[in-house]
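Chain by chain, the residues:
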Amino acid sequence: MKQYFFVQHTIMNGISRLDIKQLRVLSSLLELQNLSQVAKKMGLTQQAISEQLRKLRDLFDDRLFIRQGNNMVATPKAQGLKAPINNILKQLESLLEPEQFSPQTYKGVFTISATDYATQALLPQLFNITRREAPGLKLIVRDFASDNVNQLITAGELDLLISFPEFIPDNLSYITLFEEQHLCITGIGNTTYTEPLSLAQFAKHPQLVVSPSRANLRGSHDQWFESQGLKRNIVMSVPSFSAVPDILHTTDMLAFYPSRLLPNSKVKQLKIEALPPTFKVIAAWHPRTNKSPIHKWLIEQLQNL
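Every value quoted in this text rests on a predicted model; they were computed, and no experiment measured them.

Enquirer: Looking at this structure, I do not really get the overall build of the protein chain. What am I missing?
Expert: For the protein chain, the count of helices and strands is 12 helices and 12 strands. Here the C-alpha atoms of the protein chain give a radius of gyration of 33 Å, more than 25% beyond the 19 Å that 2.2 N^0.38 yields for 305 residues. Along the first, second and third principal axes, the C-alpha set of the protein chain runs to 105 × 45 × 35 Å. A buried classification covers 41% of the 305 residues belonging to the protein chain. Of the contacts formed within the protein chain by residues at least 6 apart in sequence, a portion of 73% connects residues at least 24 apart. Just so you have it, the protein chain exposes about 17700 Å², and 51% of that area is on carbon and sulfur atoms. Between the centroid of the 32 positive side chains of the protein chain and the centroid of its 26 negative side chains there is a distance of 10 Å.

Enquirer: Help me out: how do you make sense of the nonpolar core in this one?
Expert: A general trend in soluble globular proteins is that nonpolar side chains are found buried together. Within the largest apolar cluster, 39 residues are counted, with the highest numbers of intra-cluster contacts made by Ile162, Val244 and Val281. In this view, Val244 contacts Ile185, Leu208, Val210, Val238, Ala255 and Tyr257; residues no more than four positions away in its chain are not counted. Among the nonpolar cores identified, the runner-up in size contains 20 residues, and Val25, Met42, Leu53 and Ile85 belong to it.

Enquirer: Is there a simple way to think about the sheet that holds strand 3 (residues 108–114) in this case?
Expert: Two orientations exist for strands paired in a sheet by backbone hydrogen bonds: parallel and antiparallel. Strand order in the open sheet formed by five strands is 4-3-5-12-6, and the pairing between neighbours is mixed. On the outer flanks of this sheet lie strand 4 (137–143) and strand 6 (173–180), each paired with one strand and no other. Recorded for the sheet is a direction-independent mean angle of 20° between the axes of neighbouring strands. Across seven bridges, strand 6 lies against strand 12 (residues 279–285) in antiparallel orientation. Each bridged residue has a counterpart across the sheet, and for Glu180 the counterpart in strand 12 is Phe279.

Enquirer: Just to check I follow, could you spell out the pattern of salt bridges for this structure?
Expert: Close approach of charged atoms allows side chains of opposite charge to pair. Throughout the structure, instances matching the rule amount to eight salt bridges. Glu31 is paired through a salt bridge with Lys41; the nearest N and O atoms lie 2.9 Å apart. A residue pair is termed long-range when its members are at least 10 positions apart, and Glu31 in helix 2 (residues 20–32) and Lys41 in helix 3 (residues 35–42) qualify at 10 residues. According to the relative accessible area criterion, Glu31 is exposed, its value standing at 51%. Linking Asp222 and Arg232 is a salt bridge whose minimum nitrogen-to-oxygen distance equals 3.0 Å. Separated by 10 residues along the polypeptide, Asp222 in helix 10 (residues 222–226) and Arg232 in the loop between helix 10 and strand 9 (234–238) bring together distant segments of the chain. With a relative accessible area of 4%, Asp222 lands in the buried category. Under the relative-accessibility criterion, Arg232 is labelled buried at 11%.

Enquirer: Even after reading the chapter, I still don't get the packing of aromatic side chains, so can you show me in this structure?
Expert: The geometry of two aromatic rings is summed up by the distance between their centres and the angle between their planes. Applying the stated criterion to the full structure yields 12 aromatic pairs. Centroid distance Tyr117 to Phe279: 6.2 Å. Interplanar angle 75°. Geometry classified as edge-to-face. A residue pair is termed long-range when its members are at least 10 positions apart, and Tyr117 in helix 6 (residues 116–121) and Phe279 in strand 12 qualify at 162 residues. For Phe279, a relative accessible area of 17% puts it in the buried group. Taken together, the aromatic side chains of Tyr117, Phe144, Phe164, Phe167, Phe241, Tyr257 and Phe279 make up a single cluster linked through ring pairs. In this structure, Arg260 is placed above the aromatic ring of Phe178, and the distance from its NZ or CZ to the ring centre is 3.6 Å.

Enquirer: Would you take a moment to explain unusual backbone geometry for this structure?
Expert: Generally, phi is negative for residues other than glycine and the peptide bonds are trans, each holding for most cases. Here the residue pair Leu262 and Pro263 is connected by a cis peptide bond, since its omega of 5° sits within 30 degrees of zero. Phi angles above zero are rare outside glycine, and Gln33 is one such case at about 55°. Tracing the backbone shows Gln33 in the loop between helix 2 and helix 3. Positive phi, close to 65°, is recorded for Leu64, a residue that is not glycine.

Enquirer: Explain the environment of Leu92 here, please?
Expert: As for its placement among the helices and strands, Leu92 is situated in helix 5 (residues 76–96). A sequence separation of 18 residues divides Leu92 from Phe110, and the C-alpha atoms of the two residues are 29 Å apart.

Enquirer: Teacher, can you tell me more about the confidence of the model for the protein chain here?
Expert: Detail in the predicted coordinates should be disregarded across regions flagged by low pLDDT. Chain-level pLDDT for the protein chain is 90 on average; 94% of the residues reach the 70-or-more range. Overall, residues 1–14 carries pLDDT values under 50, and its contacts beyond four positions in sequence, including any with other chains, amount to one contact.

Enquirer: Honestly, helix 12 (residues 293–304) in this entry has me stumped. Any pointers?
Expert: Note on helix geometry: an α-helix contains 3.6 residues per turn, so any two residues three or four positions apart are oriented the same way. The end-to-end C-alpha distance of helix 12, which contains 12 residues, comes to 17 Å, matching closely the 16 Å that a straight helix rising 1.5 Å per residue would cover. For helix 12, the complete set of buried residues consists of Ile294, His295, Trp297, Leu298, Ile299, Gln301 and Leu302. Packed against the buried residues of helix 12 are strand 3, helix 7 (123–133), strand 4, strand 5 (160–163), strand 6 and strand 12.

What counts and what doesn't
- Residues numbered from 1 in each chain as written.
- Predicted model: local features only at pLDDT ≥ 70, side-chain atom pairs only at ≥ 80, totals over all residues.
- Heavy atoms only, no water.
- Helix = DSSP H or I, 4+ residues; strand = E, 2+ residues; numbered from the N terminus.
- Rg over C-alpha atoms; globule rule 2.2 N^0.38 Å.
- Buried < 20%, exposed > 50% of the residue type's maximum accessible area, 1.4 Å probe, protein only.
- Contact = heavy atoms within 4.5 Å.
- Areas by Shrake-Rupley, 256 points an atom, 1.4 Å probe, with all protein chains shown as cover.
- Lys, Arg positive; Asp, Glu negative; His and termini not counted.
- Charge placed at Lys NZ, Arg CZ, Asp CG, Glu CD.
- Core = buried A, V, L, I, M, F, W, Y, C linked by side-chain atoms within 4.5 Å.
- Pairing = 2+ DSSP bridges.
- Axes fitted to C-alpha atoms, helices over the stretch in contact; angles between N-to-C directions.
- Salt bridge = Lys/Arg side-chain N within 4 Å of Asp/Glu carboxyl O.
- Phe/Tyr/Trp six-rings, centres within 6.5 Å; stacked < 30°, edge-to-face > 60°.
- Lys NZ or Arg CZ within 6 Å of the ring centre and 35° of its normal.
- pLDDT = per-residue confidence, 0-100.
- Expected span 1.5 Å × (residues − 1).

Structure below.
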C-alpha cells in the first residue's frame, strides 16, 4: 500500500511539473529532430528549446534525444511518448474549437417560463418549429411566477423567460421580440355600443381585466386612464387571457385584449377614440448562457416569429 501511494505521489508530482509548452516542444522534436528547426517553428530561441528539453529529460528520467550531427535522434522512451503526446495535444486543441451546433442532432430538455399571453401567442408556433427542425429537443413550459423567477433561473431550473420587461430582474440578459398593442373588444353578439367609443364612454362601461400575478380589480392601463382624468369601471378580474373570450361572449362587458390573440370567433373588435400605449414582449435568460448554442437558436426562432 505504501508503495502504491509513493507511485501515485510521484506521478502527480510529475504532472504538476509538466506544461503544454513542453509537450509541444517534445512533439516538434519528434517530428523535426532538429533543435534549430523546432525553435524557428515555435518562435523561440534555440537556447529556450534546449532548456525545455533539459526539463523534459529530468521529468521523464531519460535522455529522450541523442545528438547525431545536426539532428536529434529519439530514444525508445521518446518514441513511445509520440502517440500519447500527440493525442493529448489534439484533445487540448479541440477544447478551443468553436462548438458545432445542429438543431437536427441536438438532444436535451429546455425549460421555458412564459406568461399566459406568451403561451398562447408564441409557443404554438415555436413548438411547430422545434418539432420539425429540432426533433430531439424536449420543451417544458412553466407558469410565469414573477416573485421567484430570478431564484429559479439563477439555480438553473429555468432556461428562458418570455414575459414583459417590468417582470424581468435587471441582472438578466434579454432581447425585445416585438411590441404588442391592446385592442378594445366585446362579445360577438353585443350590439350595445356605437362606434367609435370615446375614452370617457369606455371608462364608464363595465370592464373585464386580466390580472395574472395579483388577484385584484386593477388593470395594466389604469394609470393611462387616470392621466386623462378618467377612472375605469372594472367589475371583474381573471388570471388569464384565455378566459376572456368565453366571459365576454356571455356578458356585455368590454376589455382590452392583445392583438396577436385575435381574431377569436367569440369576440369582436370595437373602434375606440384612442388606444393605450404599446407594450414590449421580451425573452430573457441568465448571462451565463449568453453563448449557449441552444439558447441562441431558440431565441432566433422566437425573433423570426
